[in-house]
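Each chain is listed here by its residues.
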Amino acid sequence: MPESLLLASPPRIRQHTPPTDTVRTPLRAALLLAGIFAAATFLVHLLTSLWGLHLGYGYFRDEMYVLDCGRHLAWGYVDQPPLVALQARLAEVLFGLSPTRVRIFSFAAGGILVGLTGLITWQLGGRRCAQVLAMSAMMAVPVFLGTTNYLSMNSFEPCFWMGALFMMLRIAEGSGCMPEWLAFGLLAGLGIENKHSTVFFLIALAAGLLLSPQRRILFTKGCAAGVALLILLALPNFLWQWTHHFPTYLFLSTVAHSDKNIKLPPLAFLVEQIRILLISAAPLWMGGLAWLAFARAARRWRFVAITYLVFLAMMMAMHAKDYYVAPIYPVLFAAGAAGFGRLTRRNWPLIAYAVNFILVLCFVTGPICLTLLPPERYSAYTGLFFSPDKARSEKFTSPLPEILSDRFGWPQMVQGFAARYNALPAEERAQTGIFCGNYGEASAVNILGPAYGLPTAISGHQNYFYWGWHGYTGESVLTLGKDAGDYTDKFTEVVDLGAFNAPWIMDHEHLHYFWLRHRKVPYASAWNGLKYWY
């Protein structure tokens, strides 16, 4: 063999290793710890949901609407992308139809989010005690307890964001390349198909990268591949929006120019961030923000602090609901725990802080956010910690926080429709439809009504407008409303069939049943004027 070949250097194999100032525990141990906390979180949601059914808590308003969307699968809806409807359909088919069963995926999302927070802490160099601290805090945070306890697009939203951000953290430090970029594109694309606010998160992330030294990763083949996959996944919903003349934009514009949402000034908005994330957790996530922004050990991830600040500014400028910022906070909890772990070599301060959060979960945020307390005892117990009025992001009032009050009254409402429908003469029932003023009432009839033999409800609200009038002419209609005078200009006869009342329901749902007869203009001709996107 020629001497030159013997002396030649062996080919270089590219290896990605963490920087010398980042010492990590074994990944297997971090995954095991994350799995334990994820399973515990899942069980908390599952068991409290089952207990809540025993106490009388039922479907949340939005759950029934999403279930009805799942029975009309499409690439988009007026007020949401398609993924949550698919989630609802899969849950109903796989697990069956009950409040707890349809929430299984959301409970799993809560567990995944807590586990992801632990893995992000690991990625940032946090040792096991730091991972335990971050995950314990996430289990106790009110906003995440609430949004992962029922079927909604909010449950998976932070999972997609944090999954994408975890990949970006690895790419930014040099521990990832093409596979991580493709995973980022997959998660970000699915995030857009889950909730459109992901677009603003990605804009803030791009700004954070461009304003940091990590901007170089944006000009790589991996980035191009990840973005291409992201666009490919987001394209179906965009095309649906295009062919339907962008109804989601029209819906959001209508809401923005109405009095529906409570619009907070900047200072009040910031105060709400502290409240929904738990006051005792503020030092953790604020410390995480400071660590990412200024610590030398976090310089590779400086873009995360910029991303948060840009995103926060966007939400404040758009007068968004206070919890719209929430999905970005898990990375700050992780950073706070990792930074805290660097301040002390002792484990007990981190463990003590973590125990604080477990106690808060058991005695404060759990009873406040989950279906643990009988409704008649709720105010007496939780009044020690907060007022339900402070939890409102919309103008609607209720005896309990909306997330709980909106789980009451639906069976009674549907039973009221059934009693009045079955009391009609047979020839009248054959041509009688049910028109509802909002998607909550319509979806309750459509999800719970078949057991009582009720016809499909129609409405002009949200996506029900697209599903049409189901052939009803308006000759005979049952509805819920406030005053008979609201219908006399459209029907020749209006009969008040009595009041609907149920304990603990939203204040605006105390209504009257009406039998409307002989619509002056048939639904087929008047349908476009009944569109109500609010």
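Further up the page is the structure itself.
Described below are features of the structure shown in this document. (Residues numbered from 1 in each chain as written. Predicted model: local features only at pLDDT ≥ 70, side-chain atom pairs only at ≥ 80, totals over all residues. Heavy atoms only, no water.)

Turning our attention to the overall build of the chain. Across its full length, the chain carries 25 helices and five strands. What you see for the chain is a C-alpha radius of gyration of 26 Å, in line with the 24 Å of a compact globule of 534 residues. By principal-axis analysis of the C-alpha atoms, the chain measures approximately 100 × 55 × 45 Å. When burial is assessed residue by residue, the chain has 57% of its 534 residues classed as buried. Residue pairs in contact within the chain that sit at least 24 positions apart in sequence constitute 75% of those at least 6 positions apart. Carbon and sulfur atoms make up 66% of the accessible area of the chain, which totals about 22,900 Å². In the chain, which carries 40 positive and 30 negative side-chain charges, the distance between the mean positions of the two groups comes to 15 Å. (Helix = DSSP H or I, 4+ residues; strand = E, 2+ residues; numbered from the N terminus. Rg over C-alpha atoms; globule rule 2.2 N^0.38 Å. Buried < 20%, exposed > 50% of the residue type's maximum accessible area, 1.4 Å probe, protein only. Contact = heavy atoms within 4.5 Å. Areas by Shrake-Rupley, 256 points an atom, 1.4 Å probe, with all protein chains shown as cover. Lys, Arg positive; Asp, Glu negative; His and termini not counted. Charge placed at Lys NZ, Arg CZ, Asp CG, Glu CD.)

This structure, assessed with the given rule, holds eleven salt bridges. For E63, the salt bridge is made with R103, and the minimal N-O distance between the two is 2.6 Å. One end of the pair, E63, is in helix α3 (residues 61–70); the other, R103, is in the loop between α5 (99–102) and α6 (104–123), and 40 residues separate them in sequence. Summarising the burial analysis for this pair, E63 and R103 share the class buried. Connected through shared salt-bridge partners, R61, D406 and E509 make up one network. (Salt bridge = Lys/Arg side-chain N within 4 Å of Asp/Glu carboxyl O.)

This part takes up the environment of S136. Secondary-structure assignment places S136 in helix α7 (residues 128–140). As for S136 and N356, which are separated by 220 residues in sequence, their C-alpha atoms are 8.8 Å apart. With residues up to four places along the chain from it excluded, the contact list for S136 reads F37, A354, F357 and I358. One polar contact links the side chain of S136 to the main-chain carbonyl oxygen of V132, over a distance of 2.7 Å. (Polar contact = N/O pair within 3.5 Å; in protein donor to acceptor, adjacent residues only side chain to side chain.)

Below, the discussion takes up the packing of aromatic side chains. Counting across every chain of the model gives 34 aromatic pairs. Consider the rings of F340 and Y353, whose centres lie 6.4 Å apart with planes at 75°: the pair is edge-to-face. Pair noted here: F340 is in helix α17 (residues 329–343) and Y353 is in helix α18 (residues 348–369), with a separation of 13 residues, a long-range link. Taken together, a centroid distance of 5.9 Å and an interplanar angle of 55° make the contact between W469 and W527 tilted. Taken together, the residues span a long stretch of sequence, with W469 in the loop between α24 (464–467) and β3 (476–481) and W527 in the segment after α25 (523–526) at a distance of 58 residues. (Phe/Tyr/Trp six-rings, centres within 6.5 Å; stacked < 30°, edge-to-face > 60°.)

A few words on a nonpolar patch on the surface. A cluster of nonpolar residues, L235, F238, L239, W242, F246, Y249 and L250, forms a patch on the protein surface that exposes about 720 Å² of accessible area. Per-element accounting of the nonpolar patch gives the leading share, four residues, to helix α12 (residues 221–243). Position of Y249 relative to the elements: it lies in helix α13 (residues 247–256). A residue is classified by how much of its surface remains accessible, and Y249, at 59% relative accessible area, is exposed. (Patch = residues over 30% accessible without salt bridge, like charges linked within 9 Å, V, L, I, M, F, W, Y side chains within 5 Å.)

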